2 protein chains.
Amino acid sequence: VLRPGSTAEVAAIVRLARTHHVGLVPQGGNTGLVGGGVPRAGEVVVDLRRLARLGPVDTASLQVTVGAGVTLAALQRHAGHAGLAFAVDLGARDTATIGGMVATNAGGLHVLRHGAMRAQVLGLEAVLGTGDIVAANPTGLVKDNTGYDLPGLLCGSEGTLGIVTSVRLRLLPAPARVVTALLGVDGVAAAVDALAELRGCAGLHAAELLLADGMALVGRHLGLPPPLDPLPPCAVLVELAGDGDLLGQLGAALDRLGPVVRATAVADDEAGGARLWRWREAHPEVAAAHGIVHKADVSIPLTELPPFVDQVAPLVAARAPGAPLLVYGHLGDGNLHVNVATAGDDDGGAVDAVLALALDLGGSVSAEHGIGVAKVSWLLRQRGAAAVRTMAALKAALDPDGICNPGVLLPA
Amino acid sequence: VLRPGSTAEVAAIVRLARTHHVGLVPQGGNTGLVGGGVPRAGEVVVDLRRLARLGPVDTASLQVTVGAGVTLAALQRHAGHAGLAFAVDLGARDTATIGGMVATNAGGLHVLRHGAMRAQVLGLEAVLGTGDIVAANPTGLVKDNTGYDLPGLLCGSEGTLGIVTSVRLRLLPAPARVVTALLGVDGVAAAVDALAELRGCAGLHAAELLLADGMALVGRHLGLPPPLDPLPPCAVLVELAGDGDLLGQLGAALDRLGPVVRATAVADDEAGGARLWRWREAHPEVAAAHGIVHKADVSIPLTELPPFVDQVAPLVAARAPGAPLLVYGHLGDGNLHVNVATAGDDDGGAVDAVLALALDLGGSVSAEHGIGVAKVSWLLRQRGAAAVRTMAALKAALDPDGICNPGVLLPA
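So, how was this worked out
- Every chain is numbered independently, its residues counted from 1 as its sequence is written.
- Each chain is given a letter, starting from A, and each ligand a number, starting from 1, according to the order in which they appear as written.
- Two thresholds apply to this predicted model, a pLDDT of at least 70 for residue-level local features and 80 or more for giving and counting side-chain atom pairs, whereas whole-chain, interface and lining totals are computed over all residues.
- Only heavy atoms go into the side-chain values, all of them from the structure, while hydrogens and water stay out.
- The numbering of helices and of strands both runs from the N terminus, where a helix is a DSSP run of H or I of at least 4 residues and a strand a run of E of at least 2.
- Two things to know: the radius of gyration comes from C-alpha atoms, and the globule rule equals 2.2 Å times the number of residues to the power 0.38.
- Working rule for contacts: check all heavy atoms of both residues, and any pair within 4.5 Å makes them a contact.
- By the counting rule applied here, Lys and Arg register as positive and Asp and Glu as negative, while His and the ends of each chain are not counted.
- Each charge is placed at NZ for Lys, CZ for Arg, CG for Asp and CD for Glu.
- Two strands pair if DSSP finds at least two bridges between them.
- As a rule, the C-alpha atoms of each element are fitted with a line to give its axis, helices using only the stretch in contact, and angles between N-to-C directions run from 0 to 180 degrees.
- Throughout, the term roughly parallel applies to angles under 35 degrees, roughly antiparallel to angles over 145, roughly perpendicular to angles from 65 to 115, and oblique to all others.
- Each helix crossing is assigned a hand: it is left-handed if the near helix lies turned anticlockwise from the far helix by less than a right angle, otherwise right-handed if that turn is clockwise.
- We call a set of buried residues a nonpolar core when its members are Ala, Val, Leu, Ile, Met, Phe, Trp, Tyr or Cys and they connect through side-chain atoms within 4.5 Å of each other.
- Residue burial is assigned from relative accessible area. The probe radius is 1.4 Å, only protein chains are included, and a residue is buried under 20% of its type maximum, exposed over 50%, and partly exposed in between.
- Least-squares superposition of the copies uses the C-alpha atoms of those residues scoring a pLDDT of at least 70 in each of them.

## Considerations on the overall build of chain A
Within chain A, the secondary structure is distributed over 14 helices and 15 strands. Taken over the C-alpha trace, chain A has a radius of gyration of 22 Å; the compact-globule value for 412 residues is 22 Å, and the two agree within 12%. In terms of overall dimensions, chain A has a C-alpha envelope of 65 × 55 × 35 Å along the principal axes. Intrachain contacts of chain A at a sequence separation of at least 6 include 73% that bridge at least 24 residues. If the 29 positive side-chain charges of chain A are averaged to one point and the 38 negative ones to another, these points end up 6 Å apart.

## Focus on the sheet that holds strand β3 (residues 63–67) of chain B
Taken together, 4 strands build an open sheet; the order of strands is β3-β7-β5-β6 (chain B) and the sheet is antiparallel. In the strand order of this sheet, the two ends are held by β3 and β6 (133–136) of chain B, each with one partner. Going across the sheet, the axis of each strand differs from the next one's by a mean of 15°, ignoring polarity. Examined bridge by bridge, β3(B) and strand β7 (residues 162–170) of chain B share 5 bridges and lie antiparallel to one another. Bridging across to β7(B), B:Val66 finds its partner in B:Val167. Most of the contacts of helix α14 (residues 376–398) of chain A go to β6(B), to which it runs at about 105°, and overall it touches β5 (121–128) and β6 of chain B.

## Regarding the packing of helix α7 (residues 188–198) of chain B against helix α12 (residues 305–319) of chain B
Residue and element names in this part refer to chain B. Packing of α7 against α12 brings their axes to within 8 Å, and their N-to-C directions diverge by 150°. Here α7 is positioned roughly antiparallel relative to α12, judged by the angle of their axes. Crossing handedness for the pair α7 and α12: right-handed. Residue-level inspection shows Val188, Ala189 and Val192 of α7 in contact with α12, the latter providing Leu305, Pro306 and Val309.

## Things to note about the nonpolar core
Within the largest apolar cluster, 93 residues are counted, with the highest numbers of intra-cluster contacts made by A:Ile98, A:Met117, A:Leu169, B:Ile98, B:Met117 and B:Leu169. For B:Ile98, the contacting residues outside a window of four places in its chain are B:Val66, B:Gly67, B:Ala68, B:Val70, B:Thr71, B:Leu72, B:Leu75, B:Met117, B:Val167 and B:Leu169. Counting residues in each nonpolar core, the second largest holds 56 residues, with A:Leu183, A:Leu257, A:Val351 and A:Ala358 among its members.

## Considering the pairing of strand β11 (residues 234–242) of chain B
All names here are of chain B. Counting buried positions along β11 yields 9 of 9 residues, so the element is predominantly enclosed. Judged by which residues are buried, β11 turns out to be covered on both faces: Cys234, Val236, Val238, Leu240 and Gly242 on one side and Ala235, Leu237, Glu239 and Ala241 on the other are all buried. Pairing between strand β9 (residues 177–185) and β11: 9 bridges, direction antiparallel. Directly across from Leu183, in β11, lies its bridge partner Val236. As defined by bridge partners, strand β10 (residues 204–211) adjoins β11 across 7 bridges and the pair is classed as antiparallel. Each bridged residue has a counterpart across the sheet, and for Leu209 the counterpart in β11 is Val236.

## Let's talk about helix α2 (residues 72–81) of chain B
Residues and elements named next belong to chain B. Along α2, the residues that are buried comprise Leu72, Ala73, Ala74, Leu75, His78 and Ala79. Its buried side turned inward, α2 meets β3, β4 (84–85), α3 (98–103) and β7. One or two steps after α2, the chain reaches Gly83, where phi turns positive at roughly 75°.

## As for the relation of the copies chain B and chain A
Between chain B and chain A, the superposition needs a rotation of 180° and an axial shift of 0.0 Å, giving an RMSD of 0.0 Å. Such a combination of turn and shift is consistent with a two-fold rotation axis. The residues that chain B uses at the interface reappear at the interface of chain A in 100% of cases, marking a shared surface.

## Observations regarding helix α8 (residues 212–222) of chain A
Buried within α8(A) we find A:Gly214, A:Met215, A:Leu217, A:Val218 and A:Gly219. The first or second residue beyond α8(A) is A:Gly223, which carries a positive phi of 65°.

Here's what the structure looks like:
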């Protein structure tokens, strides 16, 4: 494990690796879920957490430059001291690093409003597999049409093209107010209809999908009465944030929706909001309490969400009979998490069947976790031969010796 | 000139070009300003305007797929019929095509709120220089972390990696209301301060910078009384759009700003808004009325805007004595347009001096027009040898025979 303290040291490591034909595995907070930061065959781990510089917050442009090793929580605190916020938030905030979040194009709860990490990255510095140090848009120009989008290409490349050392990030005004609401609807199709109306609310920044089975499991696990009584087949957890009349925006959307929404619980204070969010956030821990959790992280086109949810339960039941199943996630961007809890290591092919269903419906086998090592075998099915050939050509161009995270994303 | 009517025909053209070593120049509406769509040395023009399919508007996901040859105005009408809008708007809307706007990562007035074209492109289909047809994220998944961001790489590549044939685009709810205001301030530094407060308005979607000299020229040219009396040294034209209390948002920002804003003119109806916008939009025609216009399209970090504006006038006066100078543009993203009107073809090196000043201040020599042919000689100074080498390697990977728009963006 090497722990460089500067971009120059990272560049020296890359030069040595090229000379000695040694693979490098960049590592941040080690919170990835697809094995992209785990050495596999004698590679050297490059731990980037010493690159932890927090640059001054530029309050005129709402930007900041931070080192790859800065944690998300440290960035959030730093921005908060200037009255600003960072658009992406994750449960792993205390450990996940900005460099890792860029490398994996991390998503989270607010993608429907602000996009994933790629949308926050204005510029970056990286050491490519060629050994070249590139500094793309270090001053964070919002408009800079001078050549190819190197920051966007490196974002989501999972360390296979080079090592990101620092990033110029977009910040946001911290929202003045937050309103949270749980809306009960009759099914997934109604939830998609509700989303279309809710998008008219300027402040909408989260829209999560919950199903009756999951809410019932959470209620039993936490010993809570149902948040809506009677418990609806499906619920949408929405959050609005900003300086506008958020309750007014929400009320107008509910008026337009009429009987589509059967029941509502609204909170305009932090404690009430946290109580509603508990119903969503407890899903992973409830799954873990029921056995070994097998996870599929899929994107589904919104129009295909109803058939996906209809078909996923019998598909899983046929392969893992009796295994508790939780389906929940980010309605606003069509990203569902499917958790299957089994007694043993074997899921009977349940996750593979879920991924295949996602593909069949025009979806993606990896919404926000990436390909890593775990999903390399799915890349060809997802993207097709021409796209995989193109990606391999891009990798060969920037990492001619194949030293950058070999075996990750593309077959070694 | 070849006029393909399908992606398969574009692919056949690329195959022929590879076989016969003929360069291809993709062309859309021919509204580019840096020569990227103009054949130079016997290349074949590939006119893409027959690829004019308008796919159905998906009102659940707020997306649409359109052919590369669709004009911006046709897309706007198509989205409007579904109660939606497209985020990027340009004066050339009746002629500019979506394919060309993707290839040049076109910007416009609303970049501070919605980003440029790259932020609107969820997926695309393209024929690369290798002849491969890649279809990246055709279903417009908002989250899809399965490999490199091919749409982002092709966006802004100016036809040098391949030919975009269709695009999956993000749409927006059409705004319920629009409020326009002209705010008089004492100088550029005060305008930057005002912008920082105005960003707190959820509805802010345009913030343009005007200077006293330019407003005086516009007033004389159009025979209008000053929009603010007395005419301030500097004015910020702001527009808010959405369904919130826009006048309330603006009023709160003005309260916070206090004496920074010396005078205001506000319009909450379309005609009044158009009258205020006239002061901004007439700048190019006023420049053209004074001679041959030499244009610099630069990005400047917001903190450096005051010194840039201070230094640009004497710099131009020394090289083009007596030439009318207009400096105006997109305050919200630091993109200024510098127009120098001279009697003859020669600007005495004024534009080059302005570009060099932009570089010295950490800015960009091309904010939204691209590199094309006109600015190839500036690319190395802007991006540095390592980045240019990296771009050349990417081009060689996707266009191994150099048939895609040779001589554009990178030296031939």
